[in-house]
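What follows is the residue order along each chain.
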Amino acid sequence: MPSRLPMREKLLEARDRRTALLATNFYNAETLRGILEAAAELRQPVILQLTRSSIDYLGLGLALAMGRAAIEQYGVEGWIHLDHATSLDLVERCLEAGFDSVMIDASEADFAQNVALTRKAVELARKTGANVEAELGFVAKLGQEADSGGMTDPDEAARFVHETGVDSLAVAIGTAHGFYKATPCLDLERLAAIQARTGVPLVLHGGSGVDETAIRAAVARGICKVNVATETKDAFVRGVKREIQATTDIDLRNIFPPAIRDVKDLIKQKLGMFMDGSGRV
Ligand code: 13P
């Protein structure tokens, strides 16, 4: 079993080494297996993310136990992260359950409210040692127009980090959640300025569909965690549809494995972006 640094320390290590960790969401045992098989094969660390919807779908206990068991079974350096919590109640429940990291997302509230909520999440997390991620600026969520909010302002980001004590910061630099209608253009100058002003590990949301060159350029300027969800979900669902259409077999233990392989192939490709010459992040 590889040693497992607390996630806060791992992100700081990534920052210092100018590399990043892949954070991807899982939805069921099959997507989880695809992700872990990829990470085990490439001997790469991975952050497993759960949103409120996935926690509601699986149940908090089962979701966390599945993630932990998979990390153990595959011998991977991995962490469980709460993605996009909008309430402190959920943050508290996940911290109590033993999550390694939580995101409090008050990015749609005003600056003062975002600071207040994030500061409370940081206070709660200090009791367990978990990492806290917050978001400043507008990264469109599914169903929102990509340009309906502003990008992260570097000076505001510095104030935000100072006033909240947050460990890592998700930034708005031109990405959006879900599939892109047009190739996203990342504001790398803004990213470098945010990095210089805040010093904390930065997080790129909306990683699906961002090409490798853009990801590498972002990592070189302070992105330490790259979130991918849509592509993971899409790979699995497409695989299942294809298999179901091709057979009358109802044995899901035959139908799911090719779709699990699709997830594994996708995650191997994503993890490959962060591997240096030594093959380790
Ligand atoms: P995508 O669904 O666009 O990959 O974004 C994932 C994400 O940022 C999760 O927080």
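The shown structure was predicted, so the numbers you read here are calculated from the model rather than taken from an experiment. (Residues numbered from 1 in each chain as written. Predicted model: local features only at pLDDT ≥ 70, side-chain atom pairs only at ≥ 80, totals over all residues. Heavy atoms only, no water.)

Caption draft 1: Highlighting helix 6 (residues 111-126). Between the first and last C-alpha of helix 6 there are 22 Å, a value that for 16 residues agrees with the 22 Å anticipated at 1.5 Å per step. Those residues of helix 6 that sit buried are Phe-111, Asn-114, Val-115, Thr-118, Ala-121, Val-122, Leu-124 and Ala-125. For helix 6, the secondary structure elements touched by its buried residues are helix 5 (88-97), strand 4 (101-104), strand 5 (131-136) and helix 7 (154-164). (Helix = DSSP H or I, 4+ residues; strand = E, 2+ residues; numbered from the N terminus. Expected span 1.5 Å × (residues − 1). Buried < 20%, exposed > 50% of the residue type's maximum accessible area, 1.4 Å probe, protein only. Contact = heavy atoms within 4.5 Å.)

Caption draft 2: Spotlight on the pattern of salt bridges. Per the counting criterion, the structure on display carries 22 salt bridges. In this structure, Asp-167 engages Arg-8 in a salt bridge whose closest nitrogen and oxygen atoms are separated by 3.1 Å. One end of the pair, Asp-167, is in the loop between helix 7 and strand 6 (168-171); the other, Arg-8, is in helix 1 (residues 7-16), and 159 residues separate them in sequence. Overall, the relative accessible area of 11% leaves Asp-167 in the buried class. Within the structure, one salt-bridge network assembled from shared partners comprises Arg-4, Arg-68 and Asp-100. (Salt bridge = Lys/Arg side-chain N within 4 Å of Asp/Glu carboxyl O.)

Caption draft 3: Fine view of the site of the ligand. Asp-83, Gly-206, Ser-208, Ala-229 and Thr-230 are the nearest of the 13 residues found near the ligand. Gly-178 is positioned such that a nitrogen or oxygen atom in its backbone is 2.9 Å from an oxygen atom of the ligand. Side-chain polar atom of Thr-230 to an oxygen atom of the ligand: 2.5 Å apart, as the coordinates give it. In isolation the ligand has 310 Å² of accessible area, and contact with the protein removes 96% of it. For the shell around the ligand, the secondary-structure elements that each account for two or more residues are strand 3 (78-85) and strand 8 (223-228). (Near = heavy atom within 4 Å. Polar contact = N/O pair within 3.5 Å; in protein donor to acceptor, adjacent residues only side chain to side chain. Areas by Shrake-Rupley, 256 points an atom, 1.4 Å probe, with all protein chains shown as cover.)

Caption draft 4: The side chain of Glu-30, seen in detail. Mapped onto the secondary structure, Glu-30 falls in helix 2 (residues 29-42). Buried within the structure, Glu-30 lacks any salt-bridge partner; Arg-33 is the closest side chain of opposite charge, at an N-O distance of 6.8 Å. Here Glu-30 is in contact with Phe-236, Phe-256 and Ile-260, once residues within four sequence places are set aside. (Lys, Arg positive; Asp, Glu negative; His and termini not counted.)

Caption draft 5: Structural detail: the environment of Lys-127. Along the polypeptide, Lys-127 turns up in the loop between helix 6 and strand 5. By relative accessible area, which is 68% here, Lys-127 ends up exposed. Sequence separation between Lys-127 and Arg-197 is 70 residues; the distance between their C-alpha atoms is 27 Å.

Caption draft 6: Geometry of the packing of helix 2 against helix 4 (residues 60-74). Where helix 2 meets helix 4, the axes come as close as 10 Å, and the angle between the chain directions of the two elements is 30°. In terms of their interaxial angle, helix 2 and helix 4 are classed as roughly parallel. Note that helix 2 runs across helix 4; the crossing there is right-handed. Each of Ala-29, Leu-32, Arg-33, Leu-36, Glu-37 and Ala-40 in helix 2 lies in contact with helix 4, whose residues at this interface are Met-66, Gly-67, Ala-70, Ile-71 and Tyr-74. (Axes fitted to C-alpha atoms, helices over the stretch in contact; angles between N-to-C directions. Parallel < 35°, antiparallel > 145°, perpendicular 65-115°, else oblique. Left-handed = near helix turned anticlockwise from the far one by under 90°.)

Caption draft 7: Spatial organisation of the sheet that holds strand 7 (residues 202-204). Read around the closed barrel, the eight strands follow the order 1-2-3-4-5-6-7-8; overall the barrel is parallel. When the angles between neighbouring strand axes are averaged without regard to direction, this sheet yields 25°. (Pairing = 2+ DSSP bridges.)

Caption draft 8: Main features of the packing of aromatic side chains. Inspection of every chain in the model, using the stated rule, returns two aromatic pairs. Between Phe-111 and Phe-160, the aromatic rings sit 6.1 Å apart at their centres with planes inclined by 70°, giving edge-to-face as the arrangement. One end of the pair, Phe-111, is in helix 6; the other, Phe-160, is in helix 7, and 49 residues separate them in sequence. The buried category is assigned to Phe-160, whose relative accessible area is 0%. Considering the side-chain rings of Phe-236 and Phe-256, the 5.6 Å spacing of their centres and the 50° angle between planes classify their relative orientation as tilted. Here Phe-256 lies in helix 11 (residues 252-272) and Phe-236 lies in helix 10 (residues 230-245), a separation of 20 residues in the sequence. (Phe/Tyr/Trp six-rings, centres within 6.5 Å; stacked < 30°, edge-to-face > 60°.)

Caption draft 9: Structural view of helix 1. All of the buried residues in helix 1 are Met-7, Lys-10, Leu-11 and Ala-14. Buried positions in helix 1, seen along its axis, are confined to an arc of 100° and lie on one side of it. One or two positions beyond helix 1, positive phi appears at Arg-18, with a value near 55°. (Arc of directions from axis to C-beta.)

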